[in-house]
Amino acid sequence: MSDESGSRDNEKVVAFRVIEVASLDERHRRKDLIRVFGLSVLHRLAVDPARAEAGAWKRPVRVDRIAPGPEPERREEAREIGWTGLTDLLERCEVISEVLNQQEITEKAAIGVMLLLIHELEGAVLNTVLPIGSGSDYLVSVPGRDGRIEVEVSGIKSGGAGEASSRLGKRTRERL
Amino acid sequence: MNVLEEIDQKGEVTNIALEAQAALQDGDTERSARLFRKAGEMLEASVAGLARPSERDLARFLAATHYDKGGANPEAARVCDRIQPRRLPSRVRHLYPPFLKDVRERSAPGYRDNYDRTLLEQFQFAMKAGNQSSAQKVIDLLKEHPYILPPTLMAHVRASCCEVLGKRRAATLFYQRAWQFDPDNGFYPYAYLNSLCKEGKHAEAWKIVEVQLKEQPGARWSIYALSTLHAIPMSLFEASSDFDNRLWHEHLRNIVFLFMRSIHTMSPAEKRALDPLIDHAFLLAWVSYLELDDIRGQKEVLERWIEARPHSPRPYELRGLMTYPGPASERDFREAVRLGSRDPLPYYFLAHDALTSGRFLECERQCDRALRSVPEPAIRADLLVWQAVSRWSLGRDREQVRPLLAEARNLRPDDVPIAELARAFEENGRAAHPPVPIKWEDDPTWVEQAKRRFGEDMMRRSESERPHPDNIAA
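Keep in mind that this is a model prediction, so the values were computed, not measured.

Rules and cut-offs
Residues numbered from 1 in each chain as written. Chains lettered and ligands numbered in written order. Predicted model: local features only at pLDDT ≥ 70, side-chain atom pairs only at ≥ 80, totals over all residues. Heavy atoms only, no water. Salt bridge = Lys/Arg side-chain N within 4 Å of Asp/Glu carboxyl O. Helix = DSSP H or I, 4+ residues; strand = E, 2+ residues; numbered from the N terminus. Buried < 20%, exposed > 50% of the residue type's maximum accessible area, 1.4 Å probe, protein only. Phe/Tyr/Trp six-rings, centres within 6.5 Å; stacked < 30°, edge-to-face > 60°. Lys NZ or Arg CZ within 6 Å of the ring centre and 35° of its normal. Core = buried A, V, L, I, M, F, W, Y, C linked by side-chain atoms within 4.5 Å. Domains from an automatic or database assignment. Contact = heavy atoms within 4.5 Å. Pairing = 2+ DSSP bridges.

To continue, consider the pattern of salt bridges. All names here are of chain A. Scanning all chains against the criterion turns up 50 salt bridges over all chains. A salt bridge links Arg17 to Glu120; the nearest nitrogen and oxygen atoms lie 2.8 Å apart. On the criterion of sequence distance, the pair formed by Arg17 in the segment before β1 (19-20) and Glu120 in helix α4 (residues 102-122) is long-range, its members being 103 residues apart. By relative accessible area, Arg17 is classed as exposed at 55%. A relative accessible area of 18% places Glu120 in the buried class.

This next bit is on the packing of aromatic side chains. Applying the stated criterion across every chain yields a total of 22 aromatic pairs over all chains. For the pair Phe349 of chain B and Trp446 of chain B, a centre-to-centre distance of 6.0 Å together with 65° between the ring planes defines the contact as edge-to-face. You can see Phe349 of chain B sitting in helix α21 (residues 344-356) and its partner Trp446 of chain B sitting in helix α26 (residues 446-464), a full 97 residues away along the chain. Both residues of the pair, Phe349 of chain B and Trp446 of chain B, count as buried. Members of the aromatic cluster, joined through ring pairs, are Tyr324, Phe333, Tyr348, Phe349, Trp386, Trp446 and Phe454 of chain B. The lysine or arginine in question, Arg79 of chain A, covers the ring of Phe16 of chain A, its NZ or CZ lying 3.6 Å from the ring centre. A cation over a ring is seen here: Arg398 of chain B above Phe425 of chain B, with NZ or CZ 4.0 Å from the ring centre.

On to the nonpolar core. In terms of nonpolar packing, the biggest core is built from 150 residues, with Phe37 of chain A together with Phe259, Tyr348, Phe349 and Trp386 of chain B touching the most fellow members. When residues in this core are grouped by element, the largest group, 11 residues, is from helix α17 (residues 268-291) of chain B. Both domains that meet at this core, namely domain 2 (110-183) and domain 3 (336-441) of chain B, each give it at least three residues. Those residues in contact with Phe259 of chain B, other than ones at most four positions away along the chain, are Ser222, Ile223, Leu226, Ala281, Phe282 and Ala285 of chain B. If you look at the next biggest cluster of nonpolar residues, it comprises 38 residues, including Val3, Ile7, Ala77 and Leu100 of chain B.

Residue and element names in this part refer to chain A. With mixed pairing, three strands are arranged side by side in an open sheet as β1-β3-β2. With one partner strand each, in any of the chains shown, β1 and β2 (58-67) form the two edges of the open sheet. Here β1 runs beside strand β3 (residues 73-82); their pairing, made up of two bridges, is parallel. From the neighbouring strand, Ile19 faces β3, where its bridge partner is Ile81.

Here it is as C-alpha cells:
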C-alpha cells in the first residue's frame, strides 16, 4: 500500500466510501483499537512523515491486493482513509512520538491499516492481536473463510510502492 | 483452531492487552502494569492446555512479553528460564534472543537504580543548561524504560523536556496529564495554564480558570487566575472589540481581592501544595495594584504578604521602595538584607544612602553585594560610579578604581557627571585620595527616576521570574 499518485492499467476507477479510523472499534467489536492502533494510523497519515493540510480529514491510499476467488486477480485500488471526528486523537498525535519510538508507531499504524482494510475488503473480524518480543512485533489472528488465519503485517514509515512491494515479497517468501 | 486461538479463545487476553497498551500510551503506568501482569498470568495459565512443546514455548514467550511490558521483570525472567529457543515456531524464533537480553538486563540487580541515576543526571543537565540533547535522551530513555518513574513524575519530566525541545503543544498536554494523575498537586494546574499561555492559547486558559473559579473560589484558583491574567498580553485585551478598560480593572481588582481574602484561610495541606507559588502570587497582586494606581492596595498587599510569609525578603524590598527615602524605608531594606535578599534593590538604596552620608566603607560593601545580583545596565552604572567614589575616598589602589569608572562610562557614554568624575580621577595623578572629600549630590529627579526604574523592573520580573516546576523536581 502506498500513497503514490499515478494510474496503472488494472486500476479500478470506482468511488469507494472513506474508510474511517473512527470505525475501528466497531468493525472488530473491541474497545481500545482506536486508542492503540488508530492513534498511530492517524499519526502516520496526518502528522509524520507528512503533515496533512489544515482542515483535511482524509488521505488517499493505494491498496495493492490479490482478491481471493476462483481466479485470484491482482489489482490496485485507490482508497481513502479518514479521521473524521477524531479531533482529540489528532491532538494526542502531538505526544505519541514522545512516548513510543518510531518503529513502534510504524508497526502499530500498519496493524491499524490492516485491520481497517481486512474488514472493509474481506469482512474479516479480529480475533487476537498480541505483542511478542521487545520490539514492535505482534501476532495477529483473523478469521478466514475456512477457519482462523494468522496475519503478517509489516510497515515502513516512508518509501515508494517499489519498496513496499519488495518487503511484501520478502515476507511472503519467509512465511510460505 | 490455531495456537493463538487456543491461547486466547474468547479474545479476553487481547482485550486486556489492548487496554494495558492504551494505558501505557497515556502514561498511566500503574494501570498498564496491573493489566499487562494479568494478561501475562492468563497466557502463562494457558500453557498447561497446549499439547506441543513449540506451542507451549510460544505461549511462554507471549506471557514473558506481557510481564516485561508491564515492568514485571522477575516474572518475565522466571518464564524465560523455561523456554527453549529452538522449540519456538520459526516465525518468532528470531525475536527471542534480543528479548531475552532485555529481560536479563531489566531483572538484573541495580537496573532501576542505574537508570534512575542516568535519568536524573540527564534531566538536571537539560533543565540547568537547556541542553536539548540531554532532554531528548531523557525522552528516549523513558520510551524504553517507562516504569522507572511513577506516572505523575514521568508526565512532569516529559513536559519539562518537551519545553526544552521547543515542543510546546506536547509540553502542555503532558502537564495536563500530570495534573490528571495528581489533582491535589498545587503546581500542575499552574504549569498547564502557563504552558497554554505560552502556546498563545490565552482564551482557552482563561476559560478553564473562569469555570474553576466559579466552582472553587478559594486561594488556589485565585492564584492561578492572577497568574493567567498577567500572562495575557494587554494588546490581546485591547484588540477585543468588547474590551472595556474599566471592566478589566474591576475584574483584576476582584481577583486580587479574592486572593487576599482567601490566602489566610488555606488549610496547612493547601499551603504546602501551593507553597512555591504564593510569593509570586503576592507579587502579582502588588503589580496589579500598581497597574491600578492604587497605593493603598499596594500597601495592604505588602502587609498581608509579610504576615503570611515572614521569611520572604520581597515585601520588605517593595515597601522600602514605596516609602523611600526615610527611616522606615531604611528599616525595611535592612530587614530584606537580613532575610537574604538576592535582589539588587535594597543594596542599591542602602549604598546610595551610605554614599551621601559619607559612609564609604558601607557604600562599597553594599555596591559589591548589589553588583553580584546582576542588575540591569542603568542600575549597574550607578553602582559602579558609587563604588568608584567610595574606593577613591577610602584611598584604595587606583587600579581598583579605574576599571569601575571605565565600565560605567561604557554603559553610559553620554553621561556628563560620569565623564567629569573620570577626568578628575585621571587628573589627580598618582594621589590615592581625591583632592577634596567628595560630597555626593544627586540629580534632583534621581529619587523619582530610581523608584520608577525599579518599579518597572519589578513588573518585568513578575513575568520573567515565574516559578517553574523544575525548581522543585530537580
